[in-house]
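Next come the chains, spelled out residue by residue.
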Amino acid sequence: MSKLVIVESPAKAKTIKKYLGTGFDVVASMGHVRDLPENRLSVDIKNKFKPKYEIIKGKEKLVQDLKDLAEKSDSILLATDPDREGEAISWHLAYILGLDMDQKNRVTFNEITKTGVTNGMQNPRNIDIDLVNAQQARRILDRLVGYKLSPFLSQKIRRGLSAGRVQSVAVRIIVDRENEIRSFVPEEYWTIDAKFIPKGSRKIFAASFYGDTNGKMKISSEEESNRILEDLKDADFNIVKVKKGTRRKSPAPPFITSTLQQEASRRLGFQARRTMKAAQELYEGVEVPGLGAVGLITYMRTDSLRISEDAIHEASDYIRERWGDKYLPDAPRHFKSRANAQDGHEAIRPSMPSLPPEKVKESLSSDQYKLYKLIWERFLASQMSNCLQSTTQAEIQAKNYIFKASGFTVTFDGFTVLYEEAKDEKDEAGVSLPPLENGMPLKLKEIAGSQHFTQPPPRFTEASLIKALEENGIGRPSTYAATISTITGREYVVRDGKALKPTELGETVTNLMKERFPKIVNIKFTAQVESNLDEVQSGKTNWVETLEDFYGDFDQTLKTAKEEMQGVKIQLKEDVTDVICEKCGRHMVIKNGRYGKFLACPGYPECKNVKKYVQETGAECPKCGGKVIVKKTKKGRVFYGCSNYPNCDFVSWDEPSKEKCPRCGKTLLKKKGKNPKLYCVTPDCGFEKTEEE
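Residues numbered from 1 in each chain as written. Predicted model: local features only at pLDDT ≥ 70, side-chain atom pairs only at ≥ 80, totals over all residues. Heavy atoms only, no water.

Q: I'd like a description of the domain arrangement of the protein, backed by residues and values.
A: Domain boundaries in the protein define domain 1 (1-126), domain 2 (134-181 + 456-563), domain 3 (186-249 + 386-451), domain 4 (255-381), domain 5 (573-610) and domain 6 (614-688). Using C-alpha coordinates to define each centre, domain 2 is positioned 37 Å away from domain 6. (Domains from an automatic or database assignment.)

Q: Can you break down the packing of aromatic side chains residue by residue, with the values?
A: With the rule as written, the count across this model stands at 17 aromatic pairs. Ring geometry for Y283 versus Y299: centroids 5.0 Å apart, planes at 70°, classification edge-to-face. A residue pair is termed long-range when its members are at least 10 positions apart, and Y283 in helix 9 (residues 272-284) and Y299 in the loop between strand 13 (292-294) and helix 10 (309-323) qualify at 16 residues. Classification of Y299 by relative accessible area gives buried; the value is 0%. Ring centres 5.6 Å apart and planes at 25° place the aromatic pair F550 and F554 in the stacked group. Of the two residues, F550 and F554 are both situated in helix 17 (residues 543-564); the distance of four residues between them amounts to about one turn of the helix. In this pair, the class of F550 matches that of F554, namely buried. A network of ring pairs unites the aromatic residues F196, F205, F209, F237, Y401 and F403 as a single cluster. Over the aromatic face of Y210 sits the side chain of K404, whose NZ or CZ is 4.0 Å from the ring centroid. (Phe/Tyr/Trp six-rings, centres within 6.5 Å; stacked < 30°, edge-to-face > 60°. Helix = DSSP H or I, 4+ residues; strand = E, 2+ residues; numbered from the N terminus. Buried < 20%, exposed > 50% of the residue type's maximum accessible area, 1.4 Å probe, protein only. Lys NZ or Arg CZ within 6 Å of the ring centre and 35° of its normal.)

Q: Account for the state of the cysteines, with residues named and values stated.
A: Here the structure, examined in full by the defined rule, presents zero disulfides. Of all cysteine sulfurs, the one in C648 lies closest to C621, which takes part in no disulfide; the gap is 3.7 Å. Taking relative accessible area as the criterion, C621 reaches 3% and is therefore assigned buried. (Disulfide = S-S within 2.5 Å.)

Q: Provide a residue-level description of unusual backbone geometry, including the pertinent values.
A: Along the chain, Y604 connects to P605 via a cis peptide bond; the corresponding omega equals 10°. Relative to the helices and strands, P605 resides in the loop between strand 21 (596-600) and strand 22 (610-612). Y645 connects to P646 through a cis peptide bond whose omega is 10°. Positive phi is not limited to glycine here, since D234 has a value of about 65°. In this structure D234 comes out as exposed when scored by relative accessible area, which is 80%. The residue K399 is not glycine, and still its phi comes out positive at about 55°. By the element assignment, K399 lies in the loop between strand 14 (387-398) and strand 15 (401-412).

Q: So what's going on with empty space enclosed by the protein? Residues and values would help.
A: Leftover empty space is mapped by rolling, across the atoms, a probe with the size of a water molecule. The full count for this structure, using the stated rule, is one cavity of 30 Å³ or more. Reported here for the largest cavity is a volume of approximately 60 Å³. Lining the largest cavity are L153, S162, A163, Q167, S168, V171, Y492, V509, T510, M513 and V521. Looking at the lining of the largest cavity residue by residue, the class counts come to seven nonpolar, four polar and no charged. (1 Å grid on protein atoms, 1.4 Å probe; cavity = no way out; pocket = protein on both sides within 12 Å on 5 of 7 lines; lining within 4 Å. Points joined across faces, edges and corners; volume = space filled by probe spheres on them. Nonpolar A, V, L, I, M, F, W, Y, C, P; charged D, E, K, R; others polar.)

Q: Explain the UniProt feature "domain: Toprim" (unreviewed entry) in the protein to me, and be specific about the residues and the numbers.
A: Using the residue numbers shown here, the UniProt feature "domain: Toprim" (unreviewed entry) corresponds to residues 2-112. For residues 2-112, helix accounts for 34% and strand for 20%, while the C-alpha atoms at its two ends are 21 Å apart. (UniProt positions renumbered as here; feature names shortened; annotations may be inferred.)

Q: Account for helix 17, with residues named and values stated.
A: When the terminal C-alpha atoms of helix 17 are compared, their 32 Å separation across 22 residues agrees well with the 32 Å that a helix rising 1.5 Å per residue should span. When the local axis directions of helix 17 are compared, the greatest deviation, roughly 25°, occurs at Y551. Of the residues flanking the start of helix 17, the one acting as N-cap is N542, its side-chain oxygen 2.8 Å from the backbone nitrogen of V544. (Expected span 1.5 Å × (residues − 1). Bend = angle between axes of the 7 residues up to and from the residue. Polar contact = N/O pair within 3.5 Å; in protein donor to acceptor, adjacent residues only side chain to side chain.)

Q: Residues and numbers for the pattern of salt bridges, please.
A: This model, assessed by the stated rule, comprises 48 salt bridges. One salt bridge connects E230 with K233, and the closest N-O pair in it is separated by 3.7 Å. Note that E281 is salt-bridged to K277, the shortest N-O span being 2.8 Å. Of this pair, E281 and K277 are both found in helix 9, four residues apart, which corresponds to roughly one turn of the helix. Accessibility expressed as a relative area gives 25% for E281, which makes it partly exposed. Accessibility expressed as a relative area gives 54% for K277, which makes it exposed. (Salt bridge = Lys/Arg side-chain N within 4 Å of Asp/Glu carboxyl O.)

Q: Which residues make up the environment of K443, and what are the values?
A: Turning to its location among the elements, K443 is positioned in strand 16 (residues 441-453). In this structure K443 touches K195, F196 and I197, once residues within four positions along its chain are discounted. (Contact = heavy atoms within 4.5 Å.)

Q: Which residues make up the sheet that holds strand 21, and what are the values?
A: Strand order in the open sheet made by the four strands is 19-20-21-22, with antiparallel pairing throughout. Edge strands, defined here as strands with exactly one partner in the open sheet, are strand 19 (576-580) and strand 22. For this sheet the average axis-to-axis angle between neighbouring strands, irrespective of direction, equals 45°. Bridging between strand 20 (residues 587-593) and strand 21 involves five bridges; their strand directions are antiparallel. The partner of G593 across the bridge, within strand 21, is G596. (Pairing = 2+ DSSP bridges. Axes fitted to C-alpha atoms, helices over the stretch in contact; angles between N-to-C directions.)

Q: Tell me what's going on with the side chain of N133, and back it up with residues and numbers.
A: Note that N133 resides in helix 5 (residues 129-156). Relative accessible area serves as the criterion here: at 14%, N133 is assigned to the buried category. In contact with N133, not counting residues within four places along its chain, are V536 and W543.

Q: Requested: an account of the packing of helix 8 (residues 257-268) against helix 13 (residues 462-471), with residues and values cited.
A: Relative to each other, helix 8 and helix 13 sit at 160°, their axes nearing to 8 Å. Here helix 13 runs roughly antiparallel to helix 8, going by the angle between their axes. Like other packed secondary-structure pairs, helix 8 and helix 13 cross with a definite hand, here left-handed. Taken together, the residues of helix 13 that come into contact with helix 8 (itself represented by S258, Q261, Q262, S265 and R266) are E462, A463, I466, K467 and E470. Considered class by class, the residues forming the contact of helix 8 with helix 13 number two nonpolar, four polar and four charged. (Parallel < 35°, antiparallel > 145°, perpendicular 65-115°, else oblique. Left-handed = near helix turned anticlockwise from the far one by under 90°.)

Q: So what's going on with the UniProt feature "active site" (unreviewed entry) in the protein? Residues and values would help.
A: UniProt marks Y299 with the feature "active site" (unreviewed entry), using the numbering shown here. Contact partners of Y299, with chain neighbours within four places excluded, come to D81, P82, D83, N110, Y283, H345 and I348.

Q: Help me get a handle on the packing of helix 10 against helix 12 (residues 366-382), residues and values and all.
A: One way to put it is that helix 10 packs onto helix 12 with a least axis distance of 9 Å and a crossing angle of 85°. For the element pair helix 10 / helix 12, the angle class is roughly perpendicular. For the pair helix 10 and helix 12, contact is made by A311, A315, Y318, I319 and R322 and by W376, F379 and L380, respectively. Its residues assigned to classes, the contact of helix 10 with helix 12 shows seven nonpolar, no polar and one charged.

Q: Describe the pairing of strand 23 (residues 616-620), with residues and values.
A: Along any regular strand the residues' side chains alternate between the sheet's two faces. Relative to strand 24 (residues 627-632), strand 23 runs antiparallel, the two sharing two bridges. Bridging across to strand 24, E620 finds its partner in K627.

Encoded structure:
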């Protein structure tokens, strides 16, 4: 007889088995084993929202194997991930295996290391039913919204649409930003920049027009700019004020789930799903020579900034040994979590802070290495001393006009020797000013006015959308990757480089939701629902009451919308094509069927003509001159091919442009990446250029 330990994944099972040794069977449930079936509501609304769970299709044999192992074991421990989903999986497993819910058969590991596994095994507990109920309430809420609302949208707009409690709000945020951009009216403004040389120096420094002795001035036109420049002709420029100081720049805290996704997007170009996949692998364990299978980071679904004292000490020892005592702060750093943060786990950090990325590089995939390096550097930097900067600010006066110059030099690099947080908007680089003193006369080297226009707010990127969702309390950090995948997969939003842009479909769905279901896409209401779920998790609120509060109003709103929109069908402009129906002469429209998109005549039922849908790029095939069309792999990845296939075998992952090669006249392709370019695919041509050229 042996002890049976059930985890979620084979990789995690392998790593934990190494630490537990003989006498333990460690097996994987492969995620959830029981859930609400997809083909029906499976929630008894009239009976306190009782869910009707079933074994997930395809997992019947796995469940039977787990039952057989359980019967042969003298004890069973459930060691699924330490969060809501993990707790629910353990609860379902306990039900399926007939375990006593009053027994302490639940263990959790914050990190998959010898210490982490030993601590977890020494502290078994009961399944946290409040955590389970919070997950159940979330699952049922999402099922009610999706199952009830999705058919309504599909009927009114387009087949196959979906709505969701979090996804619909995320799309609304993106649509609202697009509307801000459209309605934005640029305003003209001017700046005046000058370059000076101090007396007795050869170093040139820059200063910008600030205003006059009464305060800041706004220059709105070229006439105003020219008037000031005319006033300054032959004027004497003198320094009237110099202020010097020291600026202390503190390191960013270690990562939580949302900030990891944001930074990986900014710095590595990773989409949220890619980040979480690599993080899961690093947590569950990889084979490292000399260490065996080991989890390299702590649990990656967390919004707490708490750090264990052992990890702080290990990081401090490493910093002292590698960079010296001066790179350590006076006292270890502790960071304060947000008010509504769940404090069940530590921040995301390396499980062994003294293990630098270069030591494990050969054991990791490219994504794993990049992410481990990011997590390791961020955590080590969070325990390092401040960066010290010597700052100088100077005011320059000519007549009654004021110019200002500022600069800084780094006097001690501190944590920046290792890591600095990336920003959505770039900071100005530090500029060192020459020695400046009050009363010092300056020689004017050059001065000029420049025209500018105010810019609209930028479109959201994955990083900025995740930040907006978190700041507004929408969803949980662990759901952001799935939410973004859903809204792009449903074609409510498309990627334009790094930017997220709503489609006509996304805008139409959002407008209908705002009109008919304002609460579902209301940011504050959705955040309140999230807060209610947190209260269920903490045992302060009953989960059934939470569902009742939500459903009554939602159900009535849906009934009213169905009654008032009976017979209404919204036609999208993007669905109307230039393809003419050869039977009746109408413009054919794009329809979504069970097997994907197809072209249909809008004259149905009088005209029942249908055709295969082909998405053209507008580019010519560089091999045969045919049309290049968009294609997809079985996994949904987009590529491009010739419409004359199989007679022409041209295919490319790179998107064709409408621009022709100046050497051979063939279509140029777009190569994306850090250095995007256009290039010719024709053999022996070799032409290429950057997109800006």
